[in-house]
Amino acid sequence: MLSPQDQLTELVRALETEQHVFATDPLLVTEKLQLEDGTVLQKLHRRASRIDSNGALARVLGKIEGRLKGIMVIMSVIWCVSGFFGLFTLLQANVVNFFYVLVCLLGFHTIMLVGWLVMTLINQSKHSSNWFASFVSPSYLIRGKDDVTQAAVRLYEQQLQHSGMRWYLGRFSHQLWLATLTGMLLAIIFLLIVRQYSFSWESTLLSDQALITLTRVLGWLPSMVGFDVPNDAAIVQSRLVTDALPLAIARQWAGLLIGSLLMYGIVPRALAWSFCALMFRSKKMRLDIKTPYYQKIINFWQRQVIDVDDFVAVAAPIAPKAVVSSAAKLVALLEYPTNNPLWWQAGLDHYDGAIGAVEDFGIIDDREDLARLTTYLDQQPLQVLLGIHDKALPDRGTLRKLDQIAAHAQHGVIVQLLNNQTLETNADVSSPTFNNVRYQQWQTALAARKIGLVAG
């Protein structure tokens, strides 16, 4: 899977492509990062984090990640408990057949481990069927119809379909087997502590010598790491035992049982788990910065003047000069309040001629305000003077309000850009200033809509 930083970056890309309105305007963040140091990937990560300034996107991703890991932990606990109680049920008699217990412990496990190894060697360049993706689909783990949740779910589903997921699934499968074997080991240790067992061996098809030889072979590896295993005399004495064995011999068989579970069960499975973990890390998804979306951002950051003599600056869009009609005026503030009820005079006083009646409509912020204004404009032939504070971002939501007002104003809309001075009571508004970057952003937006800008 992608790293958490890459996931957040990809989620921002997906949402920005779908015209999502973020907590912070991506355009402003991208512009500020142009002058900052760092690699391209570091700046992309930083950009995504700043766009998600309220942490909403990271919380959704963290919720999905947490629930996926929670499912894995719960399944591991269930497998461990099932292994414990399975072996606990198997060892109820005081005299047990050693080879029967050993086959129950490691028989199916060994077959599955060898099968996994063979399939891994055969399918080195093929993708395994992703049953895990359908079993724990993120759409089952988190509910939500909002665009952030839906985009996060799609992002995780794309990651689950990645070719490197075969190693992720292999690691998870080995983790479940390790949990089962650990449960069995705990059960064996517990039962051997609280009960005294006698171990026997017998066979209908195999000769006694064959079983004795098999016991020696099984005991070689556990004895190499310090486990006490039966010697030849103990092996012969344990054949067809129906009563209690001497405690020393029973402990030798117990040592062989625990050693076999560790050396032929847990250790090979742990090595397979480690191999899958290493392969998954080497095949881990990386952020593809060669896509057009990221290339556009990177090209903007790398844009610079190579030769001043040959450089020709591209003229920035400029909004047309406002044409003030003789129609009655309706003035309104977009989203931000004011303590100066005559803020609009700073702009209209620059124009000669009769301004006409001026009606203050207040602040246009939520949907109810916008609906009330558009209904009123449909009934009255007015020209709207809209005051926009330098805190207002020219994002999609704000520009959508502006477009609706322009569509309903019968004598058109003109805009006056305001700053803190303009909005304060008794302030000197003869030469108001406006944030340069934000000013140009609004110039571009107004020029595209052919909405006039009132001189400040």
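Computed from a predicted structure; not experimentally measured.

Definitions and limits used
- Residues numbered from 1 in each chain as written.
- Predicted model: local features only at pLDDT ≥ 70, side-chain atom pairs only at ≥ 80, totals over all residues.
- Heavy atoms only, no water.
- Helix = DSSP H or I, 4+ residues; strand = E, 2+ residues; numbered from the N terminus.
- Pairing = 2+ DSSP bridges.
- Contact = heavy atoms within 4.5 Å.
- Axes fitted to C-alpha atoms, helices over the stretch in contact; angles between N-to-C directions.
- pLDDT = per-residue confidence, 0-100.
- Phe/Tyr/Trp six-rings, centres within 6.5 Å; stacked < 30°, edge-to-face > 60°.
- Lys NZ or Arg CZ within 6 Å of the ring centre and 35° of its normal.
- Patch = residues over 30% accessible without salt bridge, like charges linked within 9 Å, V, L, I, M, F, W, Y side chains within 5 Å.
- Areas by Shrake-Rupley, 256 points an atom, 1.4 Å probe, with all protein chains shown as cover.
- Salt bridge = Lys/Arg side-chain N within 4 Å of Asp/Glu carboxyl O.

Enquirer: Even after reading the chapter, I still don't get unusual backbone geometry, so can you show me in this structure?
Expert: Glycine aside, residues mostly have negative phi, and peptide bonds are mostly found in the trans state. Positive phi, close to 65°, is recorded for glutamine 19, a residue that is not glycine. For glutamine 19, the location among the structural elements is in the loop between α1 (4-17) and α2 (26-33).

Enquirer: Teacher, can you tell me more about the sheet that holds strand β4 (residues 358-364) here?
Expert: In any sheet, the strands associate via hydrogen bonds between backbone groups, in a parallel or an antiparallel arrangement. Strand order across the open sheet formed by 5 strands is β4-β3-β5-β6-β7, with parallel pairing between neighbours. A strand with exactly one partner marks an edge of an open sheet, and here the two such strands are β4 and β7 (452-453). With 6 bridges connecting them, strand β3 (residues 329-334) and strand β5 (residues 383-389) associate as parallel partners. Directly across from lysine 329, in β5, lies its bridge partner glutamine 383. Set on the sheet, helix α15 (residues 367-379) makes contact with β3, β4 and β5; between it and β4 the angle comes to about 155°. Each of β3, β4, β5 and β6 (413-418) touches helix α16 (residues 396-408); the most contacted strand, β6, lies at about 145° to it.

Enquirer: Quick question: what am I supposed to make of the environment of lysine 32 here?
Expert: Turning to its location among the elements, lysine 32 is positioned in helix α2. When the C-alpha atoms of lysine 32 and tryptophan 301 are compared, they prove to be 9.6 Å apart, with 269 residues separating the residues in sequence.

Enquirer: Even after reading the chapter, I still don't get the confidence of the model for the chain, so can you show me in this structure?
Expert: Residues shown with low pLDDT carry predicted positions that ought not to be read at fine detail. Overall, the prediction assigns the chain a mean pLDDT of 84, with 88% of residues at 70 or greater. A low-confidence stretch, residues 425-433 (pLDDT under 50), is modelled with 13 contacts involving residues beyond four sequence positions or located in other chains.

Enquirer: I'm lost on the packing of aromatic side chains in this one. Help?
Expert: Working definition: an aromatic ring pair is given by the centre-to-centre distance plus the angle between the planes. Applying the stated rule across the entire model yields 14 aromatic pairs. Taken together, a centroid distance of 5.5 Å and an interplanar angle of 85° make the contact between tryptophan 167 and phenylalanine 275 edge-to-face. Taken together, the positions of tryptophan 167 in helix α9 (residues 165-194) and phenylalanine 275 in helix α12 (residues 247-282) put the pair 108 residues apart, joining distant regions of the chain. One aromatic cluster is present, built from ring pairs that chain together Phe98, Phe99, Tyr197, Phe199 and Trp253. Across from the ring centre of tryptophan 301, 4.8 Å away, lies the NZ or CZ of lysine 43, which sits over that ring.

Enquirer: Just to check I follow, could you spell out a nonpolar patch on the surface for this structure?
Expert: There is a patch of nonpolar side chains on the surface, built from Val73, Val77, Val81 and Phe85 and spanning about 360 Å² of accessible area. Tracing the chain through its elements places valine 73 in helix α4 (residues 56-90).

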